Amino acid sequence: MYRLSLSILVNPAEAQDVVQEVLMKFWNQRHRLQEIKSLDAWALKITKNHCLDKLRSKHRRVEDIQMAPVKADGQANAEQLLERKELLEQIQRLMQRLPEKQRMLMQLRDIEGLSYEEIQEVMDLSTSQVKTNLFRARKKMRALIEKTVNYER
Amino acid sequence: MQEEQVLKAYFQEPNIDSEFQEYQTLFQFFETESRLELPKEFEESFFADLEQAEKPRLFIRKMLPWVSRVAAALLIGTSIFWIWPETNSKAQADNIDWSKYEPDTPEEALRIYQSAMLKLGTALQEGTKTAAKTVQRVEEVSQFFE
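The following paragraphs examine the structure supplied in this document. (Residues numbered from 1 in each chain as written. Chains lettered and ligands numbered in written order. Predicted model: local features only at pLDDT ≥ 70, side-chain atom pairs only at ≥ 80, totals over all residues. Heavy atoms only, no water.)

### Some words on the packing of helix α3 (residues 39-56) of chain A against helix α5 (residues 100-111) of chain A
All names here are of chain A.
Right, on to step 1. With their axes 13 Å apart at the nearest point, α3 and α5 run at an angle of 150° to one another. As far as their axial angle goes, α5 and α3 are roughly antiparallel. The chirality of how α3 crosses α5 is right-handed. Between α3, through Leu44, Lys48, Leu52, Leu55 and Arg56, and α5, the contact on the second element is made entirely by Glu100, Met104 and Leu108. (Axes fitted to C-alpha atoms, helices over the stretch in contact; angles between N-to-C directions. Helix = DSSP H or I, 4+ residues; strand = E, 2+ residues; numbered from the N terminus. Parallel < 35°, antiparallel > 145°, perpendicular 65-115°, else oblique. Left-handed = near helix turned anticlockwise from the far one by under 90°. Contact = heavy atoms within 4.5 Å.)

### Here we look at the layout of surface pockets
Right, on to step 1. A volume near 850 Å³ is recorded for the largest pocket.
Right, on to step 2. Of all the secondary structure elements, the ones that give two or more residues to the lining of the largest pocket are α5 and α7 (127-152) of chain A together with α1 (2-12) and α2 (21-34) of chain B.
Right, on to step 3. Ranked by residues supplied to the lining of the largest pocket, first place goes to α7 of chain A with seven residues.
Right, on to step 4. Broken down by class, the residue content of the lining of the largest pocket amounts to 12 nonpolar, two polar and 12 charged. (1 Å grid on protein atoms, 1.4 Å probe; cavity = no way out; pocket = protein on both sides within 12 Å on 5 of 7 lines; lining within 4 Å. Points joined across faces, edges and corners; volume = space filled by probe spheres on them. Nonpolar A, V, L, I, M, F, W, Y, C, P; charged D, E, K, R; others polar.)

### Re the interface of chain B and chain A
Right, on to step 1. Listed by partner, the interface residues are 24 residues for chain B and 33 residues for chain A.
Right, on to step 2. Summed over both partners, the interface of chain B with chain A buries about 2,800 Å², with 64% contributed by carbon and sulfur atoms.
Right, on to step 3. Across the contact surface, chain B and chain A share seven residue pairs in polar contact (both at pLDDT 80 or more).
Right, on to step 4. Residue assignment for the side of chain B that touches chain A shows that the elements contributing at least two residues are α2 and α3 (40-95) of chain B.
Right, on to step 5. No other element matches the 10 residues that α2 of chain B contributes to the side of chain B that touches chain A.
Right, on to step 6. Here the side of chain B that touches chain A is composed, by residue class, of 11 nonpolar, five polar and eight charged. (Buried area = accessible area lost by both parts, 1.4 Å probe. Polar contact = N/O pair within 3.5 Å; in protein donor to acceptor, adjacent residues only side chain to side chain.)

Purely geometric numbers; function is a separate question.
This is the structure we're talking about:
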């Protein structure tokens, strides 16, 4: 839930607020949770809707956005770690350039590893729409990476 | 999908073809992002907020039996307040010997009747003129019968 809200809202504080709101909602509806078929998909769907509401609220301003810090882990020296951190942050920035729907699809499939059925449920899309949009997102991401690499060269 | 798994596994290898190196960061980004978790302080703050939100509810739940008892007592009290005077006045009225208030002579009956009509006229706010006319008319009628 946190990762999905972070991918939509970008701001860690806002993403945490959404998670808190959704968890509160769960707590208040705890007696009805057994009726839900796929709790994971339902939780992600509620999170997504909350995030989109927040994103579209009039109070949100572009300058409020604060990128989440990317942690580069693994065994490497300081210089390599810094370089990797920069690369990861660059990817994060490129991801933000994707349309909202495509970004969410990449988050759900490539990061969260959700099945196509689960993504369908979360996003309210058909299988073909999920596949098409995911294909477009990956293609666009590939083009953005190539463009960035060529520019740096 | 199998293709996705193959790609994921390939880009996790340390030595990949230089041609595809530029895409490795993307898969590393996916891997890093999939391990991203909420900060440790979140849990603490969430449970504190939850406890705070639940406090009034717990209080209401605790007080509910007492509130019901007070409400029931109030209802009974109000019902008694409304029903009792009516029953009481009815009982009082039943005990009155109305025969002693009966007029003994036609004159007395006329006087009582006139008085009642005057009161009625005043009550209906028809004015003294209307009341007097009524009395006059009653007098005429009574004279006719005499």
